[in-house]
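Notes for the structure review
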Amino acid sequence: MTETTLLFTDIVDSTAQVERLGDQRAAALWAEHDRCARELLAQHNGREIDRSDGFFLVFDQTIAAARFALAYHEACATLGVQARVGLHRAGVTLRHNPSADVARGAKPIEVEGLAKPFAARLMALAAGGQTLLSAAVRTALVAALPEGCAIEAHGHYRLKGVAEPAEVFELGRAAASSFAPPPDSPKAYRVVRIGDLWRPLRDVPHNLAPERDAFVGRSNELRALAEKLDAGSRLLTVLGPGGVGKTRFVRRYGVAWLGDWPGGVHFCDLSEARSLDGVHFAVALALGVPLGRDDPTVQLGHAIAARGRCLVILDNFEQVLEHAGATLGRWLDRAGEASFVVTSRERLQLAGEEIFAIESLRLQDDAIELFTVRARAQRPDFVLADANRAAVAEVVRLLDGLPLAIELAAARTRILAPHQLVARMQDRFALLAGSRGAAARQATLKAAIDWSWDLLVSWEQSALAQCSVFEGGFTLEAAEAVLDLTRWPDAPPALDVVQSLVDKSLLRTWVPAARGRLDLAEPFFGMYLSIHDYAAEKLRASDGETASAAHRRHGRYFASLGTAEAIGALSTHGGVKRRRLLALEIDNLMAACRRALSLDDGEVAVATYRAAWEVLELQGPLKLGVELGRQVLALANLESRSRAAALATQGRASRRAALNDESLRCLEMALGLAISLPDRRLEGRVLNDLGELNRELGRMEQALALLADAVALDREVGDRRAEGGALSNLAIVHHKLGRVTQAREWLEAALAIHREVGDRINEGIALGELAILHTELGSYDGAFEFYRQALAIHREVGNRSAEGVALGNLGNLLIERGRLDEAVAHQQASLVIHREVGGRRFEAFVLSNLASLQREQGRFDEAVATSETALAIAREVGNRPLEGSILGALGLLQRDQGRPQEALLHFAQGLDILRAVGDRRVEGCVQACVGELLCQQGRIEEGHAAFRAGEVLLRDVGERVELGKLLCMRGGVHARAGEPEAARGALSEAQATLAAIGAGPESELARSIDGLRALLA
């Protein structure tokens, strides 16, 4: 952006000059005008950008532009013409056109930015001989005004196409100028600030009543409405449900943009009209037109046309829609300069109609402000503070930001505190009773919705009531499956009824976004909570069978999303979109499951639970999946196949929530049922989950056996998706055991299967595991690339939990590369995700990693506190291997702080736990740390005993990376003790280990070897 001063000129009445002089003499006059102007431009160091009836010029210095304008007016006077000039200073973009385009006639420089049309509007406002300035130019000239000149303020003007009124100034010679405000024009008019509004200085006829209280929010919608009308729209229907504030909104527009309508703004209240005569009477009253014996539609059309550019607002048109063509349709044809804004809960279906839909207050801050302002009107001592802000936010959230509902709730603050309003919100129709003076249809929220209900035909009423069985939203396919209108033979299809309810503003529609992308083309439908509650009340009031049948159809439809076939399709080609759609149905799945539980319908309960878990596993909260599974398994009438499926799902859910005992119990029961049924596919998947659980518990040999059985069974039944998942888990176990080559082979085989079947979730997880493997081998570029691919897939499929794991592991890699600030950001982002989804086990992992990062930064006290928090979570969730690992890390911290006795105590506690759970890999790593610390204290024999114990453990599990690091630690002890031969022996073995695993020169093991080599040198 370049800060510059823009100057526009225009010759006044140039066409009349040509007619008076003739073409030849006029051409000579314009040539002399251009010569004079360009000479002045050269004198004042300006640049010519464009030339039409006038010039478009830019100047680096504002004072130079001002001097040019003054001299230019004087030159025009000698030529016998008058010009207008406008100056504005702002940042613009200067774009140079290619020389080839310039040779073909293009301008050398293009000026882009909002400042350009603003400066042009300012020039167009000027009268002949005037130079008008923006506030920015006036400020720039205050300290450097041309000699003998003055600047006069002319107040504020609303300029066509400019959002906010602009303050306008005039520059002229002090002795010669008679400063006068420029007159109003169709594209600009003078305004004055009254309260929080800019009102036209000239009188404009209107019948808009003064606002009784503060108007809150809607600034973006008001500007959008003004832009549509400014662009030439002649019929705008402001569409929205009852209580959304349509009437107040259009009144506000009429007052705020009154000056745009020199023929007046005329507000017509049609709320009491029910017939054609009623419409005529209401409009005649608003226009002040006495109706005679002639056709009243024609008479009113003539009256509107006679007012020129005017705005007619027709409020509450929904109950007289059948008369729209006979009235509004004819007035549009007769009064060509008039525009019409209509408020309605249903579109008019007239030619030329544009829809301007307004919804509840989208910005929570606006909704909170509305509540606060209205509450203060009831209780002047009401203050929005930290103590009640959360409760107020919850009130407006529960009310969907619906203005009428918020105002009615705020009225209750005379007797209820915000937290009490939240508690009573379930009975919102009784709570939200209005004041006695309100209009009948808005006296209560229920009455406002009654107004719309009464305008529906019987099958529309039934459809709206049945739609209340949905929670959150629903697709057209779901509506067609659930809505039953067969009792009305002449009722249209569900498609048409849903469309009608949308047109009547009783159903909302939107295209769901997936992580910021509008990539799900199928629209969803739903209701504001208040309308949903109203419709549910109507359904309950109908005959009992209607409600029960609607709930059963709802349950059966959503149970179809939880069949084995439907869930299997989520991990095949095209499954990403199906999974996103399923995630949008989570509220319906939970509602269907809970209703099925209340009805002892085991088949629907299990199917909807399985489908819901597919969402909860990725996005959380995990605890919700566990609780729902417990309720499903408590059903007494579950047949064996359904119970086996529920147990398998609950086993996975409880494992993800770190409830290991419950997970083991459920999975073992599921395995027994799968074998007895028999269900070989389910058996293979349960074996896989049992393998994962045993791996997490540190029981590596059991995990290997279970996963090998799972792979064999998956291959036997041809379940390629399950085979890929089992191979991935098998690779992870081999990796934990230090068998890097085998781990890589299994991972690459698994990755090929994931891609073959289109299993994007497991593809992302396998890529993350390959990244970890490459990190250990010192292949950092490869690790970063695998993390990039993994994170992209996790975000694509919405796998929040895996995204959190990958971010945490990437943070660890960044620590190794010394990029500590980036590492902190990644670890913090990972922590946020795990807390959001309820992944307590992973939360403890990330906190432990953060503690290591804080140790690297020398922030030992913070690191200890973070480790203790991680330790408390590990104990809370009963994750003994993690608890032992964290105790070992805490020992390292205390060693670095110079607290060896405390360090040894934590090492000993960690070792006890790791031995008990059989996590020999981590036990070996901790023994190495113990050995180094004991040797540093001079307890050489004990230290070497610990080294030997650790070495045995790491060799036993095949963990060669950690074994190599232990050898380097032991070699360092020997070197410092003056035992070079022993140190060289440890170095040689560590180098052999490095070569065997194929780790690169930048790996952590290679760096440890370099450190030992340097110590020996």
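Residues numbered from 1 in each chain as written. Predicted model: local features only at pLDDT ≥ 70, side-chain atom pairs only at ≥ 80, totals over all residues. Heavy atoms only, no water.

Taken in spatial order, the five strands make up an open sheet running β12-β13-β14-β11-β15, and their pairing is parallel. Two strands in the sheet have a free side with no partner beyond their single neighbour: β12 (265-269) and β15 (354-357). Across the sheet, the mean angle separating the axes of adjacent strands is 20° when strand polarity is ignored. When strand β11 (residues 235-239) meets strand β14 (residues 339-344), the two strands line up parallel, connected through five bridges. Looking at β14, one finds that L236 is bridged to V341. The strands that helix α7 (residues 219-230) touches are β11, β14 and β15; relative to β15, the one it contacts most, it runs at about 170°. (Pairing = 2+ DSSP bridges. Helix = DSSP H or I, 4+ residues; strand = E, 2+ residues; numbered from the N terminus. Axes fitted to C-alpha atoms, helices over the stretch in contact; angles between N-to-C directions. Contact = heavy atoms within 4.5 Å.)

Axis separation between helix α31 (residues 700-717) and helix α32 (residues 720-736) bottoms out at 9 Å; the angle between their running directions is 155°. On the basis of their axis angle, the class for α31 and α32 is roughly antiparallel. The crossing of α31 and α32 is left-handed. Contacts from M700, A703, L704, L707, A708, A710, V711, D714 and R715 in α31 reach A722, E723, A726, L727, N729, L730, V733, H734 and K736 in α32. Each residue belonging to the contact of α31 with α32 can be placed in one class, and the counts come to twelve nonpolar, two polar and four charged. (Parallel < 35°, antiparallel > 145°, perpendicular 65-115°, else oblique. Left-handed = near helix turned anticlockwise from the far one by under 90°. Nonpolar A, V, L, I, M, F, W, Y, C, P; charged D, E, K, R; others polar.)

Next up on the list: the state of the cysteines. In total, this model carries zero disulfides according to the counting rule given. The thiol sulfur of C935 is not disulfide-bonded, and the nearest other cysteine sulfur, from C929, lies at 12 Å. A relative accessible area of 8% means that C935 is categorised as buried. Lacking any disulfide linkage, C968 is separated from the closest cysteine sulfur, that of C925, by 13 Å. Note on C968: relative accessible area 8%, which makes it buried. (Disulfide = S-S within 2.5 Å. Buried < 20%, exposed > 50% of the residue type's maximum accessible area, 1.4 Å probe, protein only.)

Each neighbour pair has its own omega, and for G620 with P621 the value is -5°, a cis peptide bond. Residue position: P621 is located in the loop between α26 (602-619) and α27 (622-633). In this structure, the amide linkage connecting L677 to the following residue, P678, adopts the cis form with an omega of -10°. Positionally, P678 belongs in the loop between α29 (660-676) and α30 (680-696). For Q349, which is not a glycine, the phi torsion comes out positive at approximately 65°. Residue placement: Q349 occurs in the loop between β14 and β15. With relative accessibility at 56%, the residue Q349 sits in the exposed group. The phi dihedral of D600 is positive, around 55°, even though this residue is not glycine.

This part covers the nonpolar core. If you look at the biggest cluster of nonpolar residues, it comprises 146 residues, and the most contacted ones within it are Y253, F371, L464 and V632. Those residues within four positions of F371 in sequence are excluded, and the remaining contacts are F382, V392, V395, V396, I406, A409, A410, T413 and L421. By size, the runner-up hydrophobic cluster in this structure holds 66 residues, among which are I793, C968, A990 and L1005. (Core = buried A, V, L, I, M, F, W, Y, C linked by side-chain atoms within 4.5 Å.)

All right, on to the pattern of salt bridges then. Under the criterion given, the structure shown has 65 salt bridges. Here R955 ties to E951 by a salt bridge, and the two come within 2.7 Å at their closest N and O atoms. Placement of both R955 and E951 in helix α43 (residues 940-957) is noted, with a separation of four residues, approximately one turn of the helix. Taking the relative accessible area as the measure of exposure, E951 reaches 13% and is therefore buried. Its salt-bridge partner being E951, residue R970 comes within 3.6 Å of it at the nearest N-O pair. Of this pair, R970 sits in helix α44 (residues 960-976) while E951 sits in helix α43; the two residues are 19 residues apart in sequence, bridging distant segments of the chain. Taking the relative accessible area as the measure of exposure, R970 reaches 16% and is therefore buried. It is possible to trace a salt-bridge network through shared partners that takes in E617, R652, R655, R656, D689 and E692. (Salt bridge = Lys/Arg side-chain N within 4 Å of Asp/Glu carboxyl O.)

It is worth spelling out the environment of D484 at this point. Residue placement: D484 occurs in the loop between α19 (476-482) and α20 (494-503). For the pair D484 and R553, spaced 69 residues apart in sequence, the C-alpha separation works out to 9.2 Å. The contacts of D484, once residues within four sequence positions are left out, are Q466 and R553. A distance of 2.7 Å separates polar atoms of two side chains, one belonging to D484 and the other to T486. (Polar contact = N/O pair within 3.5 Å; in protein donor to acceptor, adjacent residues only side chain to side chain.)

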